[in-house]
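Chain and residue survey
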Amino acid sequence: AAMAAERALAMATCTAPVNIAVIKYWGKRDTDLILPINSSLSVTLHQDQLKTTTTAAASRDFTEDRLWLNGKEADVGHPRVQACLREVRRLARKRRGGSEDSAALSLSYKIHIASENNFPTAAGLASSAAGYACLVSALARLYGLEEELSEVARRGSGSACRSMFGGFVQWQRGERPDGTDSLALQVAPETHWPELRVLVLVVSGEKKPVGSTAGMQTSVETSPLLKVGGHGARPARAGTGSPFPWNGAGGCAVTPRGSWCCGCHQTGGTVTFLLPQSLQGPGAATPWPWPSPGCPCPHVPTVPPQVAYSFDAGPNAVVFALADAVAEFVEVVRRSFPPATNGDQFVRGLPVGPAALPRELVAAVVTEPVPGAVQYILHTQPGPGPQLVDDPSQHLLGPDGLPRSRA
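Residues numbered from 1 in each chain as written. Predicted model: local features only at pLDDT ≥ 70, side-chain atom pairs only at ≥ 80, totals over all residues. Heavy atoms only, no water.

What follows concerns unusual backbone geometry. Negative phi is the rule for most residues except glycine; trans is the rule for most peptide bonds. Of note, the phi angle at Ile-34 is positive, near 55°, even though the residue is not glycine. Along the chain, the position of Ile-34 falls in the loop between β4 (28-30) and β5 (35-36). (Helix = DSSP H or I, 4+ residues; strand = E, 2+ residues; numbered from the N terminus.)

In C-alpha cells form, the structure reads like this:
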C-alpha cells in the first residue's frame, strides 16, 4: 500500500483469482445475505492466467465514492458493492473500538475503486467471484483488517468467498439465519495436487444472456431436481474423504455439472447458459456420451476418465486432466474444432507440447470436425488466493485518484 503525507491519500492494490466449482453452488436460501442451499467445493485457478486486479484509494479530497470496471465508470451504488463497503467499514470501526485513531485512515473518507480483469467478464469465467474477492481484499488492506473475510466477500457474490483462498476450497452452507457460519475454508493448498491441470474451452467471451443470480433463483423456484439436490445430497459429498482423489474428481466434476445442467433444463427452458458448441466440446473428452431423457447434456460413460469436465454458469467447458494427458487432449480438441484464424493463439496460458494421436482414438473421437467452434483453450493449474501488489507503478489509480491511462 502507498500512503501520502498526513494520510490524506491511501491506496492499496490486490489481485484475486477465479475459482471453478466441482460441486456447484446453485441457489440461495437467503438472497439478501447470499446464503446457499447447499455446500460447494472448488478449485482456485492460477493468477498467472486468470485474475482480477483492484486498486482502492481513500482521500479526504474525494467528494464521492466512485467505481471503474475495466476502464469504464460503473455504478458504485450497486447494492452488493455497497454491502461489501459497509461490512468492511463496520469491521474497521469495530477493530478500533468505535473511536477514530488519528494514525488510522479516516472511515469518513470517500473511496475510489478501479478493477480490471484479464479475462472475459460475465462470460461464465467466475468474474464476479474474482472481482468481489479482490474488492474485499483491497479494502481490507486499505483499512488494515486481517480477520476472516470470506463472509464479507460472500455479501458481494456467493462464490467470491471461495476465491479468498488458494488451492481447493469448501464453502460451508452453514445453518445460522444470520449467515455467520456460511464461510469458506481451504481444504488443501494448491501444492496438494501438483500434476492437476485445468483447461477452459472458450466458445464465447460475450456476456451471458442470463445472469447467474437470476438464473439460479428461477432454478430454485421451478426445478424439482434442485428441491431434492439442495437439501442433503451435495453437502454430504462435500465432506467426504481426502480432497480430490482422481477417481473421485471424475465423479465430482461431471455428475454435479450434469445435475446442475438438468436442474436448469427443468426450469422449462427459461434458464440456459450453454450454446450449441458448448455441448460439442466435452464430446472430445468423452467419446461415447449419451443423453439422459429430457436433458440436453451428454453424461459420462462408466469408464475410467482421462479427463473430467464441468460447466460454470456460462457456455465455456472446463476440463480437468493430469499433466501427462493434456497434450493428447489438446490435439483432439484441435482436430475436432480446427482453429479458424488463430492457430498460433489457439492454446493460451501454460505451454502445451505436441502429441501424436493413435489412429483408433482419432477414428473414435474426431468424427465430424467443426471449424472455429472453440475460439481458444486456456491452460492453467491450481493457484494461490488473493495477493498484495507492492509495486506502486501497478496501481490502477493515479495520485489524483483517477484511473491511469493504460495506453
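Anyway, onward from the coordinates.
The next thing to look at is the sheet that holds strand β17 (residues 317-322). Spatial strand order, β16-β17-β13-β19-β18: five strands in an open sheet with mixed pairing. Whereas interior strands pair on both sides, the edge strands pair on one side only; in this sheet they are β16 (307-311) and β18 (347-349). With strand direction ignored, the average angle separating the axes of adjacent strands in the sheet is 25°. (Pairing = 2+ DSSP bridges. Axes fitted to C-alpha atoms, helices over the stretch in contact; angles between N-to-C directions.)

This paragraph deals with the pattern of salt bridges. Taken as a whole and judged by the stated rule, the model has eight salt bridges. Between Glu-151 and Arg-155 there is a salt bridge, and its shortest N-O distance comes to 3.6 Å. Placement of both Glu-151 and Arg-155 in helix α3 (residues 150-156) is noted, with a separation of four residues, approximately one turn of the helix. Both residues of the pair, Glu-151 and Arg-155, belong to the buried class. Among the charged side chains, a salt-bridge network with shared partners connects Glu-87, Arg-90, Glu-151 and Arg-155. (Salt bridge = Lys/Arg side-chain N within 4 Å of Asp/Glu carboxyl O. Buried < 20%, exposed > 50% of the residue type's maximum accessible area, 1.4 Å probe, protein only.)

Turning to helix α2 (residues 127-143), a few remarks are in order. With 17 residues, α2 ought to run about 24 Å at 1.5 Å a step, and its terminal C-alpha atoms sit 24 Å apart, in line with that. Within α2, 15 of the 17 residues are buried, leaving the element largely enclosed by the surrounding structure. Positioned one or two residues after α2, Gly-144 has a phi angle of 75°, which is positive. (Expected span 1.5 Å × (residues − 1).)

A word on the environment of Leu-388. Secondary-structure assignment places Leu-388 in strand β20 (residues 387-388). Since its relative accessible area comes to 29%, Leu-388 is described here as partly exposed. For the pair formed by Leu-388 and Thr-54, sequence separation is 334 residues and the distance between their alpha carbons is 10.0 Å.

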